[in-house]
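Breakdown of the fold
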Amino acid sequence: MAVIADPREGQAMTVVERTGTVSHFIGGEAVASASGRTFPTIDPATGQVIAEVAFGEAEDIDRAVAAGRAAFESGAWSKASPGHRAAVLRRLADLIRDDATRIGAIESRDTGKPIGQATAEVNLAADFFTYFAGHAELPNGRTHPADAGYFVYSVREPYGVVGAISPWNYPFLLACWKTAPALAVGNSIVLKMAEQSPLSTAELGRLTIDAGMPAGVFNIVHGDGPTTGAALVAHPHVKKLTFTGSTATGQAILRSAAEHIKSVHLELGGKTPNLIFDDADLDQAIAGSLFTAFYNSGQICTSGSRLLVQRGEADRVVDAFVERARAIKVGDPGDPTSQLGPLISEEQYQRVTGYIEEGRRGGAKLALGGGRPQVPVAGGYFVEPTIFVDVTPDMRIAREEIFGPVLSVLTFDDEDEAIRIANDVMYGLAATVWTTDLRRAFRVAERIDAGIIWTNCPHYLPVNVPYEGHKMSGLGEDLGVEALQTFTHLKTHCLNFGGAKMAWA
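Description of the structure in this document. (Residues numbered from 1 in each chain as written. Predicted model: local features only at pLDDT ≥ 70, side-chain atom pairs only at ≥ 80, totals over all residues. Heavy atoms only, no water.)

What follows deals with the pattern of salt bridges. Here the structure, examined in full by the defined rule, presents 28 salt bridges. Across the pair R97 and D94 runs a salt bridge whose closest N-O atoms are separated by 3.3 Å. With a gap of three residues between them, R97 and D94 both fall in helix α2 (residues 82–98), about one helical turn apart. Given the relative accessible area of 30%, R97 is considered partly exposed. (Salt bridge = Lys/Arg side-chain N within 4 Å of Asp/Glu carboxyl O. Helix = DSSP H or I, 4+ residues; strand = E, 2+ residues; numbered from the N terminus. Buried < 20%, exposed > 50% of the residue type's maximum accessible area, 1.4 Å probe, protein only.)

Shown next as structure tokens:
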């Protein structure tokens, strides 16, 4: 086990390794890349290298897919009794909770998340395995009415090897989110984490073996998108792909998957409208809007980065919002009092600050932030909570996903205008509505083109509640019982048991 010290906190964390680097996890073992190639993972709070990580190429993907395929075909997991699979997944959930403090520290160091947030997310990730463990034992299939002498039934079957590509904004959480339902129904997994945040999921591989999952069922190959991810997507024995990330990458995955007509599940970008009507509980709306705009430094696909305020309340809302946002503490992720940490990388820092400059050039007025905050650590990728006002719907900052702590405030006169602005982007992942008028709540939810509508409750998403993106925000369902259909395909059996003759036999 490699021991990685945290110089900011004097803590130590262990990460699976074999050869002095953070290794792949293939066939139940930590293994180096076939080429010996590595890449650095960076502490976003300091800009310093934390560790070297194995860089996966086509040969490493081949090894991982072969391990997953062999495990699937052996039946050790895919044909195991539902009760056994459920028990293993529940043990895995327990092991994650037992180790949540240490994994949370790794996650915080690798992503810049405040330590308390990172640990809470690890505990939440365990809930996915608990929930989907129960679904391993649910009825699977149905019988269908048929003519006399026929019996017809259908079942949902696992695909085999599922290729999962998970992003850097919630590494451990989304790794579990994507793999728990796939494992519950009997698939094998090859997981490719974002290269910016590989460390916490290196621990997840080890825990699957400790929980009793057969070797080869769960595999992890580290690396980047153009090399590692592309090899996983193109592999002929990967029958199902699940991806969370940018819309542009999702489009590239669809193009590649067309070669083998693979089933693809995509959860992509968003530009969530956050609508405050003049009948809203403004204290509640402002508090919730702060959360949806700035939590995780705005690095959330459902972040409420477009604040639409009814014109009569706009000045009051903006003044209160700016005052509250000014009090948000941006700081060292290892400090339990920090509310926001840095952005994930230098690349993301340049992207977000570029959008801030674009907002200035485009004619929006900067009401708060726009620069680097004063923090006690040097060299990191910190950006102040930033609020633009006088934003119009045609501006880039109002239309494009920034993925940082940057809020655009727009105004509207009536319900029709609010819905028109809300829908006038290419995304349709989520929307938030603030109103005390129940009739308006239902009307607006019906008219907004998005996969999930939160009314007076931003980011409320229990594991049993499904959602999917509309428009350019994705394909297929996440979470809930619906996720089981995402990771299975249909087989129908028509049986002639009454000796019926074919008409032309």
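Our focus in this paragraph is the side chain of T486. As for its placement among the helices and strands, T486 is situated in helix α15 (residues 482–486). Relative accessible area serves as the criterion here: at 6%, T486 is assigned to the buried category. With residues up to four places along the chain from it excluded, the contact list for T486 reads Y159, K240, H265 and E477. (Contact = heavy atoms within 4.5 Å.)

To continue, consider the packing of helix α3 (residues 100–111) against helix α4 (residues 115–135). In contact at an axis separation of 8 Å, α3 and α4 are set at 125° when each is read in the N-to-C sense. With respect to α4, the axis of α3 lies oblique. The element α3 and its partner α4 pack so that their crossing is right-handed. Residue-level contacts link A100, T101, I103, G104, A105, E107 and S108 of α3 to I115, A118, T119, V122 and N123 of α4. Partitioned by chemical class, the residues of the contact of α3 with α4 number six nonpolar, five polar and one charged. (Axes fitted to C-alpha atoms, helices over the stretch in contact; angles between N-to-C directions. Parallel < 35°, antiparallel > 145°, perpendicular 65-115°, else oblique. Left-handed = near helix turned anticlockwise from the far one by under 90°. Nonpolar A, V, L, I, M, F, W, Y, C, P; charged D, E, K, R; others polar.)

Here we take up the environment of A133. Looking at where A133 falls in the secondary structure, it is placed in helix α4. It is 8.8 Å that separates the C-alpha atoms of A133 and P82, two residues lying 51 residues apart in sequence. Other than its neighbours up to four places away in sequence, A133 contacts A86, L89 and R90.

What follows concerns the nonpolar core. One finds I96, F129, L183, L204 and M213 to be the most contacted residues of the largest nonpolar core, which totals 60 residues. Among the elements that make up this core, the one with the highest residue count is helix α5 (residues 171–184) (10 residues). In this structure, F129 is in contact with L89, L92, A93, I96, C176, T179, A180, L183 and L204, ignoring residues within four places of it in sequence. (Core = buried A, V, L, I, M, F, W, Y, C linked by side-chain atoms within 4.5 Å.)

For the structure shown, the criterion picks out nine aromatic pairs. Plain terms: the ring middles of F39 and F55 are 6.0 Å apart, the flat faces sit at 85° to each other, and that makes the pair edge-to-face. Pair noted here: F39 is in strand β5 (residues 38–42) and F55 is in the loop between β6 (49–54) and α1 (58–74), with a separation of 16 residues, a long-range link. The buried category is assigned to F39, whose relative accessible area is 10%. Residue F55 is classed as buried on the basis of its relative accessible area, which comes to 5%. On the basis of an interplanar angle of 90° and a centroid distance of 6.1 Å, the ring pair of W177 and Y467 is categorised as edge-to-face. With W177 in helix α5 and Y467 in the loop between β21 (452–455) and β22 (470–471), this residue pair connects regions lying 290 residues apart in the sequence. Across the pair, Y467 and W177 agree in class, each one buried. Here the aromatic residues F128, W177 and Y467 are joined through ring pairs into a cluster of three or more. It is K113 that lies over the ring of Y170; its NZ or CZ is 3.9 Å from the centre. (Phe/Tyr/Trp six-rings, centres within 6.5 Å; stacked < 30°, edge-to-face > 60°. Lys NZ or Arg CZ within 6 Å of the ring centre and 35° of its normal.)

Taken in spatial order, the seven strands make up an open sheet running β16-β17-β18-β15-β14-β20-β21, and their pairing is mixed. In this open sheet, the two strands that pair with only one neighbour each are β16 (365–368) and β21. The average angle at which neighbouring strand axes cross in this sheet is 25°, direction not considered. Direction of pairing for strand β14 (residues 273–276) relative to strand β15 (residues 306–310): parallel, over a ladder of four bridges. Note that in β15 the partner of N274 across the bridge is L307. Each of β16, β17 (386–389) and β18 (406–412) is contacted by helix α11 (residues 346–361), which is oriented at about 25° to β17, the strand it contacts most. Along the sheet face, helix α13 (residues 415–423) touches β14, β15 and β18 and points at about 145° away from the line of β18. (Pairing = 2+ DSSP bridges.)

So, on to the pairing of β15. For β15, a buried count of five out of five residues is recorded, marking the element as mostly surrounded by other parts of the structure. Covered by surrounding structure in β15 are R306, L308 and Q310 together with L307 and V309, the residues of both alternating faces. Considered for its hand, the β-α-β crossover made up of β14, helix α9 (residues 282–294) and β15 is right-handed. Where β15 and β18 come together, five bridges link them in parallel fashion. Within β18, the position partnered with V309 by the bridge is T411. (Right-handed = clockwise from strand over helix to strand, strands pointing away.)

Okay, the environment of A93 next. Following the sequence through the fold, A93 ends up in helix α2. Take A93: its relative accessible area is 0%, and that puts it in the buried class. A C-alpha to C-alpha distance of 9.4 Å links A93 and A133, two positions 40 residues apart in sequence. Dropping the residues within four chain positions of it, A93 is found in contact with A126, F129 and T130.

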